[in-house]
Amino acid sequence: MRGLWLLLVLVAAANAERLFIGDQVIRVNVQSEEQLQLLQALENQQEWELDFWLHPVSTELPVDIRVPRSSVSSVMEYLTAHGIPYSVIINNLQELLDEEKAEMVENQMKERSSRTFKFTAYHPLEAIYSWMDTLVAEHPKLVTKQEIGRSYEDRPMYVLKFSTGGNNRPAIWMDTGIHSREWVSPATGVWTANEIAINYGTDASLTSLLDTMDIYMLLLANPDGYAYTHSNDRMWRKTRSKNSGSVCRGVDPNRNWDAGFGGPGASRNPCSESYHGPSAHSEIEVKNVVDLIQSHGNFKAFISVHAYSQLLMYPYGYTCKNALHQAELDSLGRAAVHELKSLYGTSYKVGSICNIIYQASGGSIDWSYDNGIKYSLAFELRDTGRFGFVLPANQIVPTASETWLALKHIMVYVRDHPY
């Protein structure tokens, strides 16, 4: 293993890969409005280059911050001076990333020798796209792969369409990986796509669903960002587009939709992780989805999968007012997470984006809801902060398995409640 680790270090150096040696992730449990304001001031302070994994938005929610090694002492002095208690949840981020990468390299060697695809591992973009071809080849009467457009860096964007026939049938949309560092999201999508394919014809509820509706799955909603997390910067979140007049690249693709665009919870600073972009749908990755949804015209559900925090959310994010169907969406969400919890006891919270986390403008499910797709929902998968964006691969299948129970409940409900 030591030889493999040294090889990884040399490869990282050759690729100019960003390292996080000595970076810590700290958790703050906010105890007052004054502490909340002090943390919000930290968020706007650029000198220490802090990366807020969970933002300071409420005294009821924890705040997780990745602190670069060079800023650790300054941040801890700041928190101590203001009487803000904190704990270190990840002592050295690079150690976790080294373990993750070593596990991936070992897995790739095993997959090459056995010519199999392991759902218990994380995979680069090329491996996921190749697996999609395998899935289509194994289930040609159920699954097709469709290119919906190209990314900024000219990568194809593929959806898997599950259909038993018919024209323009009512459909369910699901996307994963819109924020590229949330690796468990596309990994869950891959497992779910396989589950749908292998269980059609044996699972009664899934079979009856697919006999009347289609399912579309976009496994990599931000392919450039995802590729970049594997090659250069594991913590990259945004797209990879160039921003005019700025050295900072990328737009937050979940602040770029035409739903309260440019409002609270989105930044006008191109260097911010939540930069909304120059205009709504400026990001080709977003526009490709918008074009497909609008041209199809018969989507009945829109489900977007993120990580982390263990939440199931519905509109709105750009405003704190209740959606017209708030009561039904809340009831559906609570029933879905009840199913999810039945497998391993994993607890999820349910609510509107604005009320359960924070006001966030330009989000995808607000856009889909405002465009007539009543059942618009977003998951935040495991965990609640122990590993954050670096969830170990041995949690992929448990995460996907429990999430599938919630997804299936939602899909069957949508089938049984036409509108």
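In what follows, the accompanying structure is described. (Residues numbered from 1 in each chain as written. Predicted model: local features only at pLDDT ≥ 70, side-chain atom pairs only at ≥ 80, totals over all residues. Heavy atoms only, no water.)

**Thoughts on the overall build of the protein chain**
Within the protein chain, the regular secondary structure consists of 13 helices and twelve strands. Here the C-alpha atoms of the protein chain give a radius of gyration of 21 Å, agreeing with the 22 Å that 2.2 N^0.38 yields for 419 residues. Projected onto the principal axes, the alpha-carbon positions of the protein chain cover approximately 65 × 55 × 45 Å. A total of 419 residues make up the protein chain; the buried ones form 59% of that total. For the protein chain, contacts bridging at least 24 residues in sequence account for 74% of all contacts bridging at least 6. Of the roughly 17,200 Å² of accessible surface on the protein chain, a fraction of 50% belongs to carbon and sulfur atoms. Averaged over its 36 positive side-chain charges, the protein chain has a centre that lies 3 Å from the centre of its 47 negative ones. (Helix = DSSP H or I, 4+ residues; strand = E, 2+ residues; numbered from the N terminus. Rg over C-alpha atoms; globule rule 2.2 N^0.38 Å. Buried < 20%, exposed > 50% of the residue type's maximum accessible area, 1.4 Å probe, protein only. Contact = heavy atoms within 4.5 Å. Areas by Shrake-Rupley, 256 points an atom, 1.4 Å probe, with all protein chains shown as cover. Lys, Arg positive; Asp, Glu negative; His and termini not counted. Charge placed at Lys NZ, Arg CZ, Asp CG, Glu CD.)

**Quick word on the packing of aromatic side chains**
Evaluated as defined, the whole model comprises 20 aromatic pairs. Considering the side-chain rings of Tyr-375 and Tyr-419, the 5.6 Å spacing of their centres and the 75° angle between planes classify their relative orientation as edge-to-face. Of this pair, Tyr-375 sits in strand β12 (residues 375-381) while Tyr-419 sits in the segment after α13 (396-416), and the two are 44 residues apart along the sequence. The exposure class of Tyr-419 is partly exposed, given its relative accessible area of 38%. (Phe/Tyr/Trp six-rings, centres within 6.5 Å; stacked < 30°, edge-to-face > 60°.)

**Details of the sheet that holds strand β6 (residues 156-162)**
As summarised here, the arrangement of the eight strands in space is β5-β6-β8-β7-β9-β12-β10-β11, forming an open sheet in which the pairing is mixed. Each end of this open sheet is capped by a strand with a single partner; those strands are β5 (143-150) and β11 (349-352). Here the average twist between neighbouring strands, direction ignored, is 20°. Helix-sheet contacts for helix α9 (residues 284-296) involve β5, β6, β7 (171-176), β8 (214-218) and β9 (299-307), and the interaxial angle to β5 is about 125°. This element, helix α10 (residues 326-344), spans β10 (311-314), β11 and β12 of the sheet and lies at about 160° to β10. (Pairing = 2+ DSSP bridges. Axes fitted to C-alpha atoms, helices over the stretch in contact; angles between N-to-C directions.)

**Let's talk about the sheet that holds strand β4 (residues 86-90)**
Read from one edge of the open sheet, four strands run β2-β3-β1-β4, paired in antiparallel fashion. Only two strands of the sheet have a single partner each, and these edge strands are β2 (51-54) and β4. Strand after strand, the sheet turns through a mean of 30° between neighbouring axes, direction not considered. Note that strand β1 (residues 24-29) and β4 share four bridges and pair antiparallel. Bridged to Val-28 within β4 is Tyr-86. Across the sheet, helix α2 (residues 33-43) is in contact with β1, β2 and β3 (62-67); its angle to β2 comes to roughly 135°.

**Quick look at the pairing of β12**
Most of β12 is tucked away: seven of the seven residues are buried. Burial of the side chains of β12 extends over both faces: Tyr-375, Leu-377, Phe-379 and Leu-381 are buried on one face and Ser-376, Ala-378 and Glu-380 on the other. By the bridge criterion, seven bridges tie β9 to β12 in an arrangement that is parallel. The residue bridging His-306 from the neighbouring strand is Glu-380, located in β12. Relative to β12, β10 runs antiparallel, the two sharing three bridges. Paired with Met-313 across the bridge in β12 is Ala-378.

**Digging into the nonpolar core**
Grouped together as the largest cluster of nonpolar side chains are 77 residues, with contacts concentrated most on Trp-53, Tyr-122, Trp-131, Leu-160, Phe-162, Phe-379 and Ile-410. Discounting residues that sit within four places of it in the chain, Trp-131 has contacts with Phe-117, Phe-119, Leu-160, Val-190, Ala-193, Asn-194 and Leu-219. Ranked by size, the runner-up nonpolar core spans 27 residues in total, among them Ile-178, Tyr-216, Val-286 and Val-290. (Core = buried A, V, L, I, M, F, W, Y, C linked by side-chain atoms within 4.5 Å.)

**Focus on the packing of helix α6 (residues 184-199) against α13**
Relative orientation of the contacting elements α6 and α13 amounts to 60°, with a least axis distance of 9 Å. The pairing of α6 with α13 is recorded here as oblique in orientation. Our pair here, α6 against α13, has a crossing hand that is right-handed. Contacts from Val-184, Ala-187, Thr-188, Trp-191, Thr-192, Glu-195 and Ile-196 in α6 reach Ile-396, Val-397, Thr-399, Ala-400, Ser-401, Thr-403, Trp-404 and Leu-407 in α13. When the residues that make up the contact of α6 with α13 are grouped by side-chain class, the tally is nine nonpolar, five polar and one charged. (Parallel < 35°, antiparallel > 145°, perpendicular 65-115°, else oblique. Left-handed = near helix turned anticlockwise from the far one by under 90°. Nonpolar A, V, L, I, M, F, W, Y, C, P; charged D, E, K, R; others polar.)

**Topic: the side chain of Thr-399**
Note on placement: Thr-399 falls in helix α13. For Thr-399, a relative accessible area of 0% corresponds to the buried category. With sequence-adjacent residues up to four places away left out, Thr-399 is seen in contact with Val-184, Thr-188, Leu-381, Arg-382 and Leu-391.

**Describing the side chain of Lys-161**
Turning to its location among the elements, Lys-161 is positioned in strand β6. Within the buried set, Lys-161 has no salt-bridge partner at all; the shortest N-O distance to an opposite charge, 4.1 Å, is to Asp-214. Not counting chain neighbours up to four residues away, the residues in contact with Lys-161 comprise Leu-142, Val-143, Thr-144, Gln-146, Asp-214, Ile-215 and Tyr-216. (Salt bridge = Lys/Arg side-chain N within 4 Å of Asp/Glu carboxyl O.)

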